[in-house]
Amino acid sequence: MREPEKIDAEIIKDHGLTVEEYEKIKKALKREPNFTELGIFSVMWSEHCSYKSSKLILKKFPTKGSNILVEAGKENAGVVDIGDGLAVVFKMESHNHPSAIEPFQGAATGVGGIIRDIFTMGARPVLLMDSLRFGPVSDPKSRYLLRGVVGGIAFYGNCIGIPTVGGETFFDESYKGNPLVNVLCLGIVKKNSIIKAKAEGEGNTIFYVGSSTGRDGLGGASFASRELTDESHKDRPSVQIGDPFMEKLLLEATLELIRTGVVVGMQDMGAAGLTSSTVETASRGNSGAQIDISRVPRREKGMIPYEVMLSESQERMLVVVKKNKEEEAKKIFKKWDLNAVPIGKVTSDGVFKVKEGEKVVASIPVKSLTDDAPIYLRERAKPKYLEEANNLDLSSLPLPENIEKVFVKILSSPNISSKRWIFEQYDHMVGTNTILLPGHDSAVVRVKETRKAIAVSCDGNGRYCYLDPYEGGKIAVAEAARNVVCVGAKPLAITNCLNFGTPTDPEIFWQFTKCVEGIAIACRELETPVTGGNVSFYNENPQGAIDPTPIVGMLGLINDFSFLCTPWFKKEGDLIILLGNGEKSIGGSEYLQCIHQLKKGRPPELDLTTEKLLQKTCLELIKKGLVNSAHDVSDGGLAICLAECCILNRENLIGATINLERDIDEREDILLFGEVQSQIILSCSPQNFPYIEKIANKNKISLKLLGKVGGENLIIKKEGKVLISKNIKEIHKIWENSLVKEIKI
Amino acid sequence: MKFGVVIFPGSNCDYDCWWAIKQVTGERVDFIWHKEKNIENFDCIVLPGGFSYGDYLRTGAIARFSPVMRKIKEFAQRGGLVIGICNGFQILLEAGLLPGAMRKNKNLLFVCKYTYLRVENCSTPFTRLFKRGQILRMPIAHFEGNYYTDQDVLSKLKKNNQIIFRYCNRKGEITEEDNPNGSLEAIAGICNKEKNILGMMPHPERCSEAILGSEDGKIIWESIVESLKDRNRGKK
Amino acid sequence: MFNAKVYISLKEGVADPQGATIKHALDSLGFKGVNEVKTGKYFQIELNIKNKREAEKQIEDMCKKILVNPVIEKYEYEIEEIKR
Amino acid sequence: MFNAKVYISLKEGVADPQGATIKHALDSLGFKGVNEVKTGKYFQIELNIKNKREAEKQIEDMCKKILVNPVIEKYEYEIEEIKR
Ligand SMILES: Nc1ncnc2c1ncn2[C@@H]1O[C@H](COP(=O)(O)OP(=O)(O)O)[C@@H](O)[C@H]1O
Ligand SMILES: [Mg+2]
């Protein structure tokens, strides 16, 4: 690349800066910026780094809590106290656009990035989860993306040796061409060895550590802050390649280095690479920083300062080391065969100064890049599609002639059927902590040398959010919490990844605001503060924006893992109980989409007070050892939930007979496949039933006896009339093989 | 009695092995950095799973040149017990300590899941507490576990009872369907002629505690301890 | 009949961590003067086609459609007639 | 300076599931007359060595020692001088 002679209107526009923003830059510098400085401003002020459109809205989130050690936004990830002197660091991040262009490497580097966010805080990463969205599996391009993304996650996570213990996958027309790849990483750290992403203490040394710098990912942050177009493939040279082996060395070296006590602060070079890591650490430390980029290890010849500062080459970090301790640090990096070069010093003048040898190539007040970045309150307008979309006329929907056929069709829908083809490609056992393997309500990982276990669930329903972003946002939190409750964990806090279209479109921004408000209220009610997250805008393909898709990652804690609860039925003769009594709805349901090809109506309603009581009740029952299984009713409704209870344990399939007595007026399709909130299916031995009833009554949670575990069939009757009667081996086979079959076409 | 777990750059089951051996045997377990040249004081050396050198080039191809490998060769020649698990097995193959090579899994995908294994030989120091034909439940996690060797070597392996584990189904039958990676004759683990070097793709350290869903891996660690005890008694 | 040899390598500027690791291994094994190692893929495809032009068209098509990931890879090929 | 191109492929008789899969994919994409697909690896190694003989010796050595697994793989290479 060559430096342009003069900065003109064209160049400013190409950097995604408005005329007003450019004026603001001039004011901050009290002069015209040079090309390198313009580049630095453009990435730091990009949506991706500055959160300029979302910042004001995200303030609605509750962030405080008695066990929150580091609040959202203060560091690269939130920190939650789990007792025993330990804390959990966790965060979720998106890599949607890179994965649309190059699914394998895009997803792989997404995994690499979020892992660095965790271990640079001093935590050892113990689990990964992935939340994925694709266009329909019937579309060859979507299958190509699915294979690539799953392969990339597997490549990176398996090699570095962090188990991918669960996730979720959903297929819908709206994600065609713009898949979502959200990855969560969780690490554990001793409370007293948390490392901050801060550069402070004049004279301390700034180290560049890891891979050398190339032109890859140039301008990635601004790329993520733009819509995908048919031209996007021309952005190709910016594709980054993941190197999980290098990252493994970085991980081990970093944790070893932290134990020596010479580290002042540390940050990963993620989006906007060297620029953002230096600027953000200096800003948090209220310091300045001076670096000499002639010392930066380079992979390519002839790179200009602009390119070095904006490169997003992977597997690089910035480490601030106490002065006079440099040799100690170097020794450890050398042991792990890593590049580690002192490139500069922390200063006290609040200026970010970049030199190349003796020549100053950029000099910018740090705060002008961070705290003083532009912030916007974007226009909002209720989307016009809603009125039509919310209006579902039930009487126009024909009742299915053969309800059992409908059951089989839903069971084999890619959204419902087993995701084994995906999670068997992930090493989900490395670390020997995974005590509940993937395929269940939550992933559960024990904490060695304690009796504790951590449960995590990722949830978000784009269809619900499309039909009602506020309810959809609430439901994402409630469902994630319910999922960790079902394994016996107490929900503690969330992280999130908010995936939306273009924020300057008032209808999109309205969706965004409503979703955030929904998440916020649910987090308040359920007392699970938001510890951090990530916003991904500009998720659009030529056909329009994706459905609004906020993903919630819920952290739950089990104090004694001998009380782990699993979702599958266990014993012949156990009673099957429905806990909770929400209002069923077929609006936005899998049934409506799969059978009637409609995305209409209203999502199920969620009453947060009831939800909280339900979760409290379920936890109490599990902790008292009164139930043998717990599984929440979600996608696909009651019939699918019951089927899952029968087949989730492959080694021991077991049938059930259900008699639905009430709900007489309800249509059979709603009864079986209507979706609902605040309901959990439990099973228990008959002698425990009275105690369970007592506890439910005390907590004012409704409870219904549905039937009995046993036999070789799943039989669902309504007032004695058989609606479904099917062999569980067959049910299992259909559920287990449907997705694989479609992928392998 | 002392176990040593080698750490290569990119090993990632090192700590898991350390933990499992410690939990099961209570014996001393130390880590051995791959550049270490002194392994005199160990009784059993474990080459753990993972992705040494990222599995770049070929699995195990670069790790076999680590300085510690020459020492391990000598250690094995003296009759010391060496067990290579997953990537450790692949390194033993590349280093020529065991015969054969690994190819990509038949379905060309990484696979992580529980498998069933049949114990084919229980008169080795690693398997002496099993019963011949015993069926085990043990997880695998690899991309290249598709064992291959030519007919010549295969007949030698058979003749010397060097095939230790085979993949099978719940009932112990060897079927195409239950062979998770396409391995020749469903081979999951082999040892050398002298029976003091074992290589296996399944992970015993991942099933050495009840909380993890299977304890079948425990028996391997216990067998090793038994064998070492016998040997030490012999010495005295 | 033709035999096509297809060589696929990474485009300029695309990082090659595998190549870098192999170079490092060669250095430490004592090989001198290794400037760079680049990794790639190699396919041999046997085509039962009469006409060389047609065979070339086929291979070009295969590269574009399936063998090569054009986002990060480039390719070359050679085609030879095989006489039986 | 020399540039070596090293081609590694599977020995005769060693099954090549990846090749079979690609062949299958080509067939189903409608490519006609594909008899066989064999997969392999391709390395380009830049050597800062003056003498071609010496370069050849080095590459031969690298193949024997580390680049190739003789149990399942075979190799060929070409060496060209690069002028700067
Ligand atoms: N992309 C994925 N990666 C790993 N595991 C997955 C993935 N998608 C789905 N799964 C597994 O399948 C299970 C079922 O998913 P889901 O239907 O979303 O569960 P729930 O409705 O209880 O939240 C998940 O708990 C997870 O373990
Ligand atoms: Mg659930």
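Residues numbered from 1 in each chain as written. Chains lettered and ligands numbered in written order. Predicted model: local features only at pLDDT ≥ 70, side-chain atom pairs only at ≥ 80, totals over all residues. Heavy atoms only, no water.

### Focus: the overall build of chain C
Regarding its fold elements, chain C presents two helices and three strands. Ordered by position from N to C terminus, the α and β elements of chain C give β-α-β-α-β. In summary, chain C has a C-alpha radius of gyration of 16 Å against a globular reference of 12 Å for 84 residues, an excess of more than 25%. Each of the three principal axes of chain C carries a C-alpha extent, and together these read 50 × 30 × 15 Å. Here chain C holds 84 residues, and 49% of them are scored as buried. Counting only contacts in chain C whose residues sit at least 6 apart along the sequence, the fraction spanning at least 24 positions is 70%. Taken as a whole, chain C presents about 4,300 Å² of accessible surface, with 47% of it coming from carbon and sulfur. In chain C, which carries 15 positive and 14 negative side-chain charges, the distance between the mean positions of the two groups comes to 2 Å. (Helix = DSSP H or I, 4+ residues; strand = E, 2+ residues; numbered from the N terminus. Rg over C-alpha atoms; globule rule 2.2 N^0.38 Å. Buried < 20%, exposed > 50% of the residue type's maximum accessible area, 1.4 Å probe, protein only. Contact = heavy atoms within 4.5 Å. Areas by Shrake-Rupley, 256 points an atom, 1.4 Å probe, with all protein chains shown as cover. Lys, Arg positive; Asp, Glu negative; His and termini not counted. Charge placed at Lys NZ, Arg CZ, Asp CG, Glu CD.)

### As for the environment of V14 of chain C
You can see V14 of chain C is positioned in the loop between β1 (2–10) and α1 (17–28). Those residues in contact with V14 of chain C that sit more than four places away from it in its chain are I241 and R299 of chain A together with I72 of chain C.

### Some points on the domain arrangement of chain A
Note: interface size is frequently given as the accessible area lost on complex formation between the parts. By domain assignment, chain A separates into domain 1 (1–61 + 196–373) and domain 2 (565–745). Here the C-alpha centre of domain 2 of chain A lies 51 Å away from the C-alpha centre of domain 1 of chain A. (Domains from an automatic or database assignment.)

### Examining the arrangement of the chains
When the five pairs of chains in contact are ranked by number of contacts, first place goes to chains C and D. As for chain D relative to chain A, no contact occurs, and the smallest C-alpha gap between them is 10 Å.

### Regarding the packing of helix α7 (residues 103–119) of chain A against helix α10 (residues 244–260) of chain A
All names here are of chain A. Where α7 contacts α10, the axes come no closer than 11 Å and their chain directions differ by 5°. As judged from the angle between their axes, α7 and α10 are roughly parallel. Residues G112, I115, R116 and F119 of α7 form the contact with α10, whose participating residues are E247, L250, L251, T254, L255 and I258. Residues of the contact of α7 with α10, tallied by class, amount to six nonpolar, two polar and two charged. (Axes fitted to C-alpha atoms, helices over the stretch in contact; angles between N-to-C directions. Parallel < 35°, antiparallel > 145°, perpendicular 65-115°, else oblique. Nonpolar A, V, L, I, M, F, W, Y, C, P; charged D, E, K, R; others polar.)

### So, the relation of the copies chain D and chain C
Overlay of chain D on chain C (RMSD 0.2 Å): rotation 180°, translation along the axis 0.0 Å. Both copies of the chain, as the preceding transformation shows, are related through a two-fold rotation axis. By C-alpha distance to the rotation axis, the residue of chain D lying nearest is K41 of chain D, at 2.2 Å. (Least-squares fit on C-alpha atoms with pLDDT ≥ 70 in both.)

### Observations regarding helix α26 (residues 728–743) of chain A
All names here are of chain A. Taking 1.5 Å of rise per residue, the 16 residues of α26 would be expected to cover 22 Å, and the 24 Å separating its terminal C-alpha atoms lies within 8% of that figure. The sharpest bend along α26 measures roughly 40° and falls at N737. Regarding α26, its N-cap is N727, as a side-chain oxygen of that residue lies 2.7 Å from the backbone nitrogen of K729 further along. (Expected span 1.5 Å × (residues − 1). Bend = angle between axes of the 7 residues up to and from the residue. Polar contact = N/O pair within 3.5 Å; in protein donor to acceptor, adjacent residues only side chain to side chain.)

### Regarding the interface of chain D and chain C
Counting residues at the interface gives 34 residues for chain D, matched by 34 residues for chain C. At the boundary of chain D and chain C, one finds 12 residue pairs in polar contact (both at pLDDT 80 or more). Where the side of chain D that touches chain C is concerned, the elements lending two or more residues are β1 (2–10), α1 (17–28), β2 (34–47) and α2 (52–67) of chain D. With 14 residues, β2 of chain D is the largest single contributor of residues to the side of chain D that touches chain C. Split by residue class, the side of chain D that touches chain C holds 18 nonpolar, eight polar and eight charged. As paired elements, strand β2 (residues 34–47) of chain C and β2 of chain D share 13 bridges and run antiparallel to each other. (Pairing = 2+ DSSP bridges.)

### Some details on the sheet that holds strand β3 (residues 73–81) of chain C
In spatial order, the strands read β3(C)-β1(C)-β2(C)-β2(D)-β1(D)-β3(D); together these six strands make up an open sheet with antiparallel pairing. If you trace the sheet from one side to the other, it starts and ends with β3 of chain C together with β3 (73–81) of chain D, each paired once. Direction aside, the axes of adjacent strands within the sheet are offset by 20° on average. Both β1 of chain C and β2 of chain C contribute to a ladder of eight bridges, which runs antiparallel. When the bridges of β2 of chain C are listed, V6 of chain C appears paired with F43 of chain C. Along the sheet, α1 of chain C contacts β2 of chain C together with β2 of chain D; its crossing angle with β2 of chain C, the most-contacted strand, is approximately 120°.

### A word on the site of ligand 1
Residues and elements named next belong to chain A. Among the 17 residues in the neighbourhood of ligand 1, the closest are listed as D130, T169, G439, H440 and D441. Here E168 contributes a backbone N or O atom positioned 3.5 Å from a nitrogen atom of ligand 1. One of the side-chain N or O atoms of N483 is found 3.1 Å from an oxygen atom in ligand 1. Isolated, ligand 1 exposes 560 Å² of accessible area, and the fraction of that covered by the protein chains is 87%. If you list the elements that add at least two residues to the shell around ligand 1, you get β4 (124–134), β5 (164–171) and α17 (420–423). Looking at the shell around ligand 1 residue by residue, the classes come out as five nonpolar, seven polar and five charged. (Near = heavy atom within 4 Å.)

### Examining helix α2 (residues 52–67) of chain C
Helix length check: α2 of chain C (16 residues) gives 20 Å between terminal C-alpha atoms against 22 Å at 1.5 Å per residue, more than 12% under. Taken as a whole, α2 of chain C has its buried residues at A55, Q58, I59, M62, C63 and L67 of chain C. End-on view of α2 of chain C: buried residues confined to an arc of 140°, all on one side of the axis. Away from its buried face by more than 90 degrees, α2 of chain C exposes R53, K57, K64 and K65 of chain C. Those residues of α2 of chain C that are buried are in contact with β1, β2 and β3 of chain C together with α1 and β2 of chain D. Between the side-chain oxygen at the start of α2 of chain C and the backbone nitrogen of R53 of chain C there is a gap of 2.7 Å, and the oxygen is on N51 of chain C. (Arc of directions from axis to C-beta.)

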